[in-house]
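# Observations on chain architecture
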Number of protein chains: 4
Amino acid sequence: MFFASDNGGPAHPNVLQSLIDANAGYTSGYGAEEAMQDVTAEIRRVFEAPEAAVYLVATGTAANALLLATYANPWDTVFCSPMAHIHEDECNAPEFYSGAKLTLVPAENAKMTPGALHAAISAEESRGVHGPQRGPVSITQATEKGTVHTLDELKALTDIAKEFKCPVHMDGARFANALVSLGCTPAEMTWKAGVDAVSFGGTKNGLMGVEACVLFDPKHAWEFELRRKRGGHLFSKHRYLSAQMAAYLADDLWLKTASQANARTAQLAQGLQQHNQAELLYQPDVNIIFARYPRRAHQRLRSAGAQYYVWDGDPDTGDPDAPLTARLVTDWSTTPETITQFLDILHSI
Amino acid sequence: MFFASDNGGPAHPNVLQSLIDANAGYTSGYGAEEAMQDVTAEIRRVFEAPEAAVYLVATGTAANALLLATYANPWDTVFCSPMAHIHEDECNAPEFYSGAKLTLVPAENAKMTPGALHAAISAEESRGVHGPQRGPVSITQATEKGTVHTLDELKALTDIAKEFKCPVHMDGARFANALVSLGCTPAEMTWKAGVDAVSFGGTKNGLMGVEACVLFDPKHAWEFELRRKRGGHLFSKHRYLSAQMAAYLADDLWLKTASQANARTAQLAQGLQQHNQAELLYQPDVNIIFARYPRRAHQRLRSAGAQYYVWDGDPDTGDPDAPLTARLVTDWSTTPETITQFLDILHSI
Amino acid sequence: MFFASDNGGPAHPNVLQSLIDANAGYTSGYGAEEAMQDVTAEIRRVFEAPEAAVYLVATGTAANALLLATYANPWDTVFCSPMAHIHEDECNAPEFYSGAKLTLVPAENAKMTPGALHAAISAEESRGVHGPQRGPVSITQATEKGTVHTLDELKALTDIAKEFKCPVHMDGARFANALVSLGCTPAEMTWKAGVDAVSFGGTKNGLMGVEACVLFDPKHAWEFELRRKRGGHLFSKHRYLSAQMAAYLADDLWLKTASQANARTAQLAQGLQQHNQAELLYQPDVNIIFARYPRRAHQRLRSAGAQYYVWDGDPDTGDPDAPLTARLVTDWSTTPETITQFLDILHSI
Amino acid sequence: MFFASDNGGPAHPNVLQSLIDANAGYTSGYGAEEAMQDVTAEIRRVFEAPEAAVYLVATGTAANALLLATYANPWDTVFCSPMAHIHEDECNAPEFYSGAKLTLVPAENAKMTPGALHAAISAEESRGVHGPQRGPVSITQATEKGTVHTLDELKALTDIAKEFKCPVHMDGARFANALVSLGCTPAEMTWKAGVDAVSFGGTKNGLMGVEACVLFDPKHAWEFELRRKRGGHLFSKHRYLSAQMAAYLADDLWLKTASQANARTAQLAQGLQQHNQAELLYQPDVNIIFARYPRRAHQRLRSAGAQYYVWDGDPDTGDPDAPLTARLVTDWSTTPETITQFLDILHSI
């Protein structure tokens, strides 16, 4: 019963097979291998973006930091939610790569509100040269809390960005999960909704470690390549990145793995909602649940082998009936039986 | 007949198998997986350095830049050879990560000479606060030209570094090849010779993309971890790095693959030396040869499918009897038959 | 009637005279001139800190950014008020120099509250290597809103900083105004209250452009010197900085000019408080007032030549009875008659 | 007998007077004061560049680093002479501000040779994304060794830069001295010769501390302003910079002070050349001489109060007849009598 993260499970067997297949013969490196041309073509097709520049890196932090650096000036500020991964979990990587700072925009359900974004962008530059300048808006889709921006919500944010000529970045570490949740096309969730560049995640959704950086307007392509190299993120044996991404895209594997992960969370959410002492903190649109339930329940689940993070302090102190906050994450490999097992324990308390 | 680079061939089958084996079940990420503890223990054993801090990254540029940043202050200068990878092939990554600059020290056979290093270090700081300060000495072992520093040569350089209290970094992208060439122990080639930290390369020697950063004194360990994360180089699914490194170390695979690569270069060198129109530019201590032979020979080899880099301009213009410079690199997968085929063509001209 | 800023008036005549006196003969530069030794000795005496390292720079942004870079690691976050100059008015200079980010701590009357600071520092590092690490706490004394931390308030903040081993920086762009307001000694307001380093401002208080950076523990002295040089902030003809600072300290000029500036604000505040349509937004502890009064009054004052910033949009639109927010700043050169003139106009409406 | 530097003497009296005159009444800061408009107009007139963007900073290092950062990308390399101030004397400031590295181009008489520049620029980018990219060419006029590029020499260098689309920066810390030496116009020595931006020095030529940054094409103007602020180099009481620069330009003061400094060096050079044991190392085109004469002479001069730097070690050891290298610098305040006194002592030995 592993719910600690969507980076703790195995990679999908197709990905392994693709690596094995790719591991033959001699080839150019650094993205010049033929397989990368196919990946680029396929991502352009998937995104209906025949001009897009496509690059692979191995970590989500690298994808975000390199894209933000490409779209932000060192004297800019990036607008994001206070729960954004780029703010909380990247140890200043976005600031390191870009030189810019981050402005935290008040959010509801981990989604910046249009009013708050408008106010935040408006406020900047009132100070002319003295304050930071308006830089990119970064939207996390799906959010760190497991919620998803609807297309209208995305549009409301990007419209404001466009009004102020701010580029829009999407942190899509869980892009596939969000897409499946919305049931729209990749184009609709990105450039048709006003997004300029996306970190198209694969690592949390069945790959070993590959994220695609997609820049819909290729004018920054060469700059991105140089930034990637300068950051030490250009792989010599790049074929092992393109092989993973090729497997990811083949036969819509990425959509299937995301669907599975989301389905397991839906199953889990349903069970939690049926429990009279459990409460969901956010709408579980994708593969993450933040739930509150009594310490007693947690202790029992943990004894039975359930692994996940507790969000608010020591779960072993205090009133056993007092609730704590658990973060539960599923991935493609989570089985229905695991969910059932978890829920059975919970309901037995 | 692929001699373009030691990053163009396949990974060793053991590495693939190790990835397959590692791809089961759930585990912590970010280096907290058990397999990484084993890797650390094994590297400490191999280096006879029970206190060493050990970290994995996926590219050689990341390994070098992160280590240099850990040992250099932003106002320092790093002393290296003009042919060093950190100077020529990392698109300012060392400067980006460290803030320091590089001072190029005149070299012979791609190895900094002690006299030149002493002069260069002495010269710095004569300007007090105005000039850059003395930072790390970075030694490439084996060098980009295929030569290897003897233990005495290493000691001569590190003694100077110690005299000026400069830390010593070793860029060991081809560490194994150098070690096999010298026939010494890893400890003798590093900390016993005065080296403080080493980029212990695996990518060019049979891995898909893993380098270990070994810091013999662990006092900078936590700083290194933060720098790695801040650079976007900490893998969430870190097990796929540790699995590669585990396979690399198991049963001395790394020494065997390096020996094979070196043996193929030795075979090739012997054949070239027997050719009356071919000339070697450097002593081929490891798996790289820089050779000069007539354009005519090059054209013939290329037609037969030989792939390698020509170092001095367009090989199709000029006198067909005029020599050009070819860089020929072998790896663990190069077969004796490939070398024979290459030499047969050459000798047939 | 100039109330736009305390950087818009003339330098004190003593400062000019000191420059004239300093402009004779030949001398070493870069702070090696004799006059700088006297300045250092005098600042050490004033602060009762015989070991302190003392450096001069020409702008407040340089002083803050260099000190923060000296005390923060690139992976840290700096804790400050949302109204801090380092956050709002330095165009990312602190981030540029330090690599760190800023965490905005909720404040009352522009002063971080101890509870909010404790919560903010506690929250950091819960994420281990993933989030930024705890860095310096930066306190603005006096604040940008014209309020002053009492010694107890300072102590409450620095105690928390010490609990978490965070160094404490004081942005003292209006240090003298705060000191005069509190009636304490420089030592009491700094190191005795737990402050490690202070930007000791002169520019807003009668100098042309000099700030002293005072590091009570000199262990970072040489690092600071290198950072200053690397930032381009080391003056060759440094004597013109030390001459200004010498004049500032001589005969307690700095305390006199601050007292005058504060007294004019007190006079102004008293008059505003007597007006039934005017309201002060903050306690005017030093030389800054944020006041609200009707647009009608503003328009009249402006017509009569009063210069100051309006904080909330276009003062010419909307109901003339509706209030706006004015920021009024005095300096050493503001005369009592100017205040009287301003208040007479206001009261005539 | 002060010859240690051209930053050790007093500022010109006109500059002091201008500061006194400027120190009246209230004014906008940050370069928005009226006096700065006049300075901009005057510099445009002097350079025959009506569109040029003009900014003031207080140190030469700031001027160079900010201009280079404006014209170089972080992944570029800047081409300069090995004796360039930006390489030897700015403690990594150019690298800090720009992120770029420096490529040292072999020089004769401290002037990069066209052949060496062509070779150096050609060599970069042969490595594609792996190496640094071609960035600005930075020419020091006059050089650190006291030599001056003729207009033809300048043109030969900038033609190469243009061929490779590299912008051209001129470090004009001693711009006036070079201009007077050549007898040409500022336009001829800059944009007409292919220079894009110039650090127009004042500090070494009679000011307290002001350098103008002149960007002939204003397209980077706003970026420069933001970089200046972000670097902490925007003065609030900017009037004291513009007042100095106004005095510098008025009545061609800058040309007169430079002429005087050059004349004193010419007088000194003539005397040295007449001495049979003295030797000049470079053509003393401006106000700097590198001369070799016996230790015995040096010791005598020093006893008589002559101050200057000895370039090669301890002047008190070794054979008193063995020569040492002295750097002798004059400025506007050096008197003919001082030169005569120096030469009399020298010739008396």
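Keep in mind that what you see is a predicted model, and the values were worked out from it rather than measured. Within each chain, residue numbers correspond to sequence positions counted from 1 in written order. Whichever chain is written first becomes A and whichever ligand is written first becomes 1, with later ones labelled in order. At least 70 in pLDDT is required for a residue's local features to be given in this predicted model, at least 80 for side-chain atom pairs to be given and counted, and no such filter applies to totals for whole chains, interfaces and linings, which use all residues.

### A word on the pairing of strand β11 (residues 288–294) of chain C
Residues and elements named next belong to chain C. We count it as follows: Strands pair, by our definition, only if DSSP identifies at least two bridges between them. By the criteria applied, helices consist of DSSP H or I runs no shorter than four residues and strands consist of E runs no shorter than two, each listed in order from the N terminus.
Note that strand β10 (residues 279–280) and β11 share 2 bridges and pair antiparallel. Among the inter-strand pairings, E279 is bridged to a residue of β11, identified as R292. Looking at chain direction, β11 and strand β13 (residues 323–329) are connected through 7 bridges and run antiparallel. If you follow P294 over to β13, its bridge partner there is P323.

### Concerning the interface of chain A and chain B
Our working rule: With C-beta atoms placed from the backbone, a contact is any residue pair whose C-beta atoms sit within 7 Å. In this count, Pro and Cys sit with the nonpolar residues alongside Ala, Val, Leu, Ile, Met, Phe, Trp and Tyr, while Asp, Glu, Lys and Arg are called charged and the others, Gly among them, polar.
Between chain A and chain B, the residue contacts involve 39 residues of the former and 39 residues of the latter. Residue assignment for the side of chain A that touches chain B shows that the elements contributing at least two residues are α1 (13–22), α3 (60–71), α5 (93–98) and α10 (221–230) of chain A. Considered class by class, the residues forming the side of chain A that touches chain B number 18 nonpolar, 18 polar and 3 charged.

### Points about the relation of the copies chain A and chain D
Let me state the cut-off plainly: Superposition of the copies was done by least squares, using only C-alpha atoms of residues whose pLDDT is at least 70 in both.
Superposing chain A onto chain D requires a rotation of 180° together with a translation of 0.0 Å along the rotation axis, leaving an RMSD of 0.0 Å. The relationship between the two copies is best expressed as a two-fold rotation axis. Mapped onto chain D, 100% of the interface residues of chain A again fall at the interface, so both copies present the same surface.

### Considering the pairing of strand β9 (residues 211–215) of chain B
Residue and element names in this part refer to chain B. How we decide: Working definition of burial: number of other C-beta atoms within 10 Å of the residue's own, with buried at 20 or more, exposed at 12 or fewer, and partly exposed in between, all C-beta atoms being placed from the backbone.
Most of β9 sits out of view: 5 of its 5 residues are buried. Here β9 shows no split at all, with E211, C213 and L215 on one side and A212 and V214 on the other all buried. In this structure, strand β1 (residues 53–57) lies alongside β9, joined through 5 bridges in antiparallel fashion. Looking across to β9, one finds that A53 is bridged to L215. Sheet topology note: the strand β8 (residues 197–201)/β9 ladder contains 5 bridges and is antiparallel. Within β9, the position partnered with A197 by the bridge is L215.

### Remarks on the interface of chain A and chain D
The parts lose accessible area when they come together, and the size of an interface is often stated as this lost area. Facing 10 residues of chain A, the contacting portion of chain D comprises 10 residues. Each residue belonging to the side of chain A that touches chain D can be placed in one class, and the counts come to 5 nonpolar, 2 polar and 3 charged.

### Some remarks on helix α11 (residues 239–249) of chain B
The periodicity of an α-helix, 3.6 residues per turn, causes residues three or four positions apart to be oriented the same way. Residue and element names in this part refer to chain B. With 11 of 11 residues buried, α11 is to be regarded as a mostly interior element. Of the surrounding elements, those touching the buried residues of α11 are α1 (13–22), α2 (34–46), β1, β9 and α12 (253–273). Backbone geometry just downstream of α11 places D251 in the positive-phi region, at approximately 55°.

### A look at the relation of the copies chain A and chain B
With an RMSD of 0.0 Å, chain A superimposes on chain B once it is rotated by 180° and translated 0.0 Å along the axis. The share of interface residues of chain A whose copies in chain B are also at the interface is 100%, consistent with both copies meeting through the same surface.

### So, the sheet that holds strand β12 (residues 309–310) of chain D
As a general point, the strands of a sheet are linked pairwise by backbone hydrogen bonds and lie either parallel or antiparallel. Residues and elements named next belong to chain D. Definition in use: A fitted line through C-alpha atoms represents every axis, and for helices the fit uses only the stretch in contact; the resulting angles, taken between N-to-C directions, go from 0 to 180 degrees.
Overall, antiparallel pairing links the 4 strands, which are arranged β10-β11-β13-β12 in an open sheet. Only two strands of the sheet have a single partner each, and these edge strands are β10 (279–280) and β12. Strands in contact with helix α12 (residues 253–273) are β10, β11 (288–294) and β13 (323–329); relative to β11, the strand with the most contacts, it is inclined by about 25°.

### With respect to the domain arrangement of chain A
All names here are of chain A. Operational definition: Throughout the structure description, domain borders are defined by an automatic or database domain assignment.
For chain A, the assigned domains are domain 1 (13–253) and domain 2 (258–347). Domain 1 puts 15 residues into the contact, and the matching count from domain 2 is 14 residues. When grouped by side-chain class, the residues that make up the side of domain 1 that touches domain 2 number 6 nonpolar, 7 polar and 2 charged.

### Regarding the packing of α12(B) against helix α14 (residues 336–347) of chain B
All names here are of chain B. Quick note on the threshold: Orientation categories follow fixed angle ranges, with anything under 35 degrees roughly parallel, anything over 145 roughly antiparallel, 65 to 115 roughly perpendicular, and all other angles oblique. The hand of a helix crossing depends on one turn: near helix anticlockwise from the far one by less than a right angle means left-handed, and clockwise means right-handed.
Packing of α12 against α14 brings their axes to within 10 Å, and their N-to-C directions diverge by 15°. Taken together, the axes of α12 and α14 are roughly parallel relative to one another. Classified by chirality, the crossing of α14 by α12 is right-handed. Within the contact between the two elements, α12 uses R264, Q267, L268 and G271 and α14 uses P336, I339, F342 and L343.

### Digging into the nonpolar core
The condition that has to hold: Each nonpolar core consists of buried Ala, Val, Leu, Ile, Met, Phe, Trp, Tyr and Cys residues. Their C-beta atoms, within 7 Å, join them into a set.
With 230 residues, the main nonpolar core has L66(C), C213(C), V214(C), L66(D), C213(D) and V214(D) as its most contacted residues. With residues near it in sequence (within four places) discarded, L66(C) still touches V57(C), Y97(C), C213(C), F224(C), R227(C), R228(C), G231(C) and H233(C). Grouped together as the second largest cluster of nonpolar side chains are 229 residues, A100(A), V195(A), M112(B) and L215(B) included.

### Quick look at the confidence of the model for chain A
Low pLDDT means the predicted coordinates in that region are not meant to be read closely. Going by this rule: Think of pLDDT as the predictor's per-residue confidence, scored from 0 to 100.
When pLDDT is averaged along chain A, the result is 96, and 100% of the positions lie at 70 or above. The complex model carries a pTM of 0.97, and its ipTM stands at 0.97.

### A closer look at unusual backbone geometry
Of note, the bond from Q141(B) into A142(B) is cis; its omega dihedral lies within 30 degrees of zero at -5°. Its location among the elements puts A142(B) in the loop between β6 (133–140) and α7 (151–163). Although it is not a glycine, N92(A) adopts a positive phi angle of roughly 75°. Mapped onto the fold, N92(A) is located in the loop between α4 (85–88) and α5.

### A look at the sheet that holds strand β9 (residues 211–215) of chain A
Residues and elements named next belong to chain A. Strand order across the open sheet formed by 7 strands is β1-β9-β8-β7-β6-β2-β3, with mixed pairing between neighbours. Pairing within the sheet leaves two strands with one partner each, and these edge strands are β1 (53–57) and β3 (101–104). Each adjacent strand pair in this sheet contributes to an overall mean axis angle of 25°, direction not counted. Here strand β7 (residues 168–172) pairs with strand β8 (residues 197–201) via 4 bridges, running parallel. Following the sheet pairing, M170 is matched in β8 by V198.

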